[in-house]
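Residue-level structure breakdown
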Amino acid sequence: MAKEVTLTAALRTNLLSLQGTQKLLDQTQLRLATGKKVNGALDNANAFFASQSLTNRANDLSRLQDGIGQSIQVLKAADQGIQTITSFLEQMQAVAQEALDQANAAGGAPTDQSSLEASYDELISQLDFVAADSGYRGTNLLDSGTMSVTFNEDGSSTLDVTGVDFTTAGDLAISAADFSDATTAQAALDEISDALTLVRAQARSFGTNLNIIQTREDFTANLINTLKEGSDKLVLADNNEEGAKLLALQTQQQLGVTSLSLASQAQQSVLSLF
């Protein structure tokens, strides 16, 4: 059976002091290495779990922020489509106006009826192509698509965007060219006028939706930063303070070793008397 080594009170006191200093040194070095004063629940349970909760919410909002950003692109694609459709409608309006002017001058069919009708029908085809091509990642708000944007973690804050059918056979309701006389040319102009009114109103509606989503995107980005900042304040270490502690503890450790050495020498001096 091994004999237990008996330490003097002085040696034991100095040894316990060194062990305590070493524990504080290990803790300080860990804080400097990780940059955190709270590295786990054992360090400070309240701060650790509060910080974790804030970080988790920031991460959830970051994932939602990606969806918000993509919804902005859907609206931008629709806006580009509306601008192009408006341009085609204005070109069609010019063609129909020319047909009306020629019909009035001729007292019947326009002089360039065939050419004008061909140009008008080609613009109709191109307008329909634009409406079909204005989608983004499978969502086309100009081809009866819809979109729902979620702004918060539990889905209680949303914005629903309802699309339209901006083809000439859909909501725009524009017929194929018929410039046989002034009456039919005027009918074409009336259809285009109605279509332009509809398109411009929808452009304003999409613009409002876009402004709302962009504002919420900015709000979400700022909130994420606030949450992360709050989380960091709970757990991040002050490197200047921890560096100063490290130097003080190293000095304390050296003094402890010296004190332990002196206590050991004192014990040896007692033994030399025998």
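Thresholds applied
- Residues numbered from 1 in each chain as written.
- Predicted model: local features only at pLDDT ≥ 70, side-chain atom pairs only at ≥ 80, totals over all residues.
- Heavy atoms only, no water.
- Core = buried A, V, L, I, M, F, W, Y, C linked by side-chain atoms within 4.5 Å.
- Buried < 20%, exposed > 50% of the residue type's maximum accessible area, 1.4 Å probe, protein only.
- Helix = DSSP H or I, 4+ residues; strand = E, 2+ residues; numbered from the N terminus.
- Contact = heavy atoms within 4.5 Å.
- Axes fitted to C-alpha atoms, helices over the stretch in contact; angles between N-to-C directions.
- Parallel < 35°, antiparallel > 145°, perpendicular 65-115°, else oblique.
- Left-handed = near helix turned anticlockwise from the far one by under 90°.
- Nonpolar A, V, L, I, M, F, W, Y, C, P; charged D, E, K, R; others polar.
- Pairing = 2+ DSSP bridges.
- 1 Å grid on protein atoms, 1.4 Å probe; cavity = no way out; pocket = protein on both sides within 12 Å on 5 of 7 lines; lining within 4 Å.
- Points joined across faces, edges and corners; volume = space filled by probe spheres on them.

This part is about the nonpolar core. Burial of nonpolar side chains together is a common tendency in soluble globular proteins. If you look at the biggest cluster of nonpolar residues, it comprises 44 residues, and the most contacted ones within it are Ile 85, Leu 89, Met 92, Tyr 120, Phe 179 and Ile 213. Taken together, the elements giving at least two residues each to this core come down to helix H2 (45–106), helix H3 (113–132), strand S1 (146–150), strand S2 (158–162) and helix H4 (182–235). Looking at this core, the element that brings in the most residues is H2, giving 14 residues. Setting aside chain neighbours within four positions, we find Tyr 120 in contact with Met 92, Val 95, Ala 96, Ile 174, Ser 175, Ala 177, Phe 179, Ala 188 and Ile 192. In this structure, Ala 58, Leu 61, Leu 64 and Leu 223 belong to the second largest nonpolar core, which totals six residues.

Direction vectors running N to C along H2 and H4 enclose 165°, while the axes themselves pass 7 Å from each other. As summarised for this structure, H2 and H4 are arranged roughly antiparallel, according to the angle between their axes. Seen from above, H2 lies across H4 with left-handed handedness. Its residues assigned to classes, the contact of H2 with H4 shows 35 nonpolar, 17 polar and six charged.

Two faces, one strand: in a regular strand the side chains alternate between the faces of the sheet. With burial as the criterion, only one face of S1 is covered, namely that bearing Met 147 and Val 149; the residues Thr 146, Ser 148 and Thr 150 on the opposite face remain uncovered. Relative to S2, S1 runs antiparallel, the two being bridged by five bridges. Bridging across to S2, Thr 150 finds its partner in Thr 158.

Turning our eyes to something else, we now look at the layout of surface pockets. Reported here for the largest pocket is a volume of approximately 150 Å³. Lining the largest pocket, in full, are Lys 36, Val 38, Asn 39, Phe 48, Ser 51, Gln 52, Thr 55, Asn 56, Ser 231, Asp 232 and Val 235. Elements represented by at least two residues in the lining of the largest pocket include exactly H2 and H4. Element by element, the count of residues in the lining of the largest pocket is highest for H2, at five residues.

In this structure, Gln 73 sits in helix H2. For the pair Gln 73 and Leu 210, spaced 137 residues apart in sequence, the C-alpha to C-alpha distance is 9.3 Å.

Further remarks concern the environment of Phe 166. As for its position among the elements, Phe 166 is in the loop between S2 and H4. Once the C-alpha coordinates of Phe 166 and Ala 132 are considered, the two residues, 34 residues apart in sequence, prove to be 8.7 Å apart. Not counting residues up to four positions away in its chain, the partners in contact with Phe 166 are Ile 82, Ile 85, Leu 127, Ala 131, Leu 142, Asp 171, Leu 172, Leu 198, Val 199 and Gln 202.

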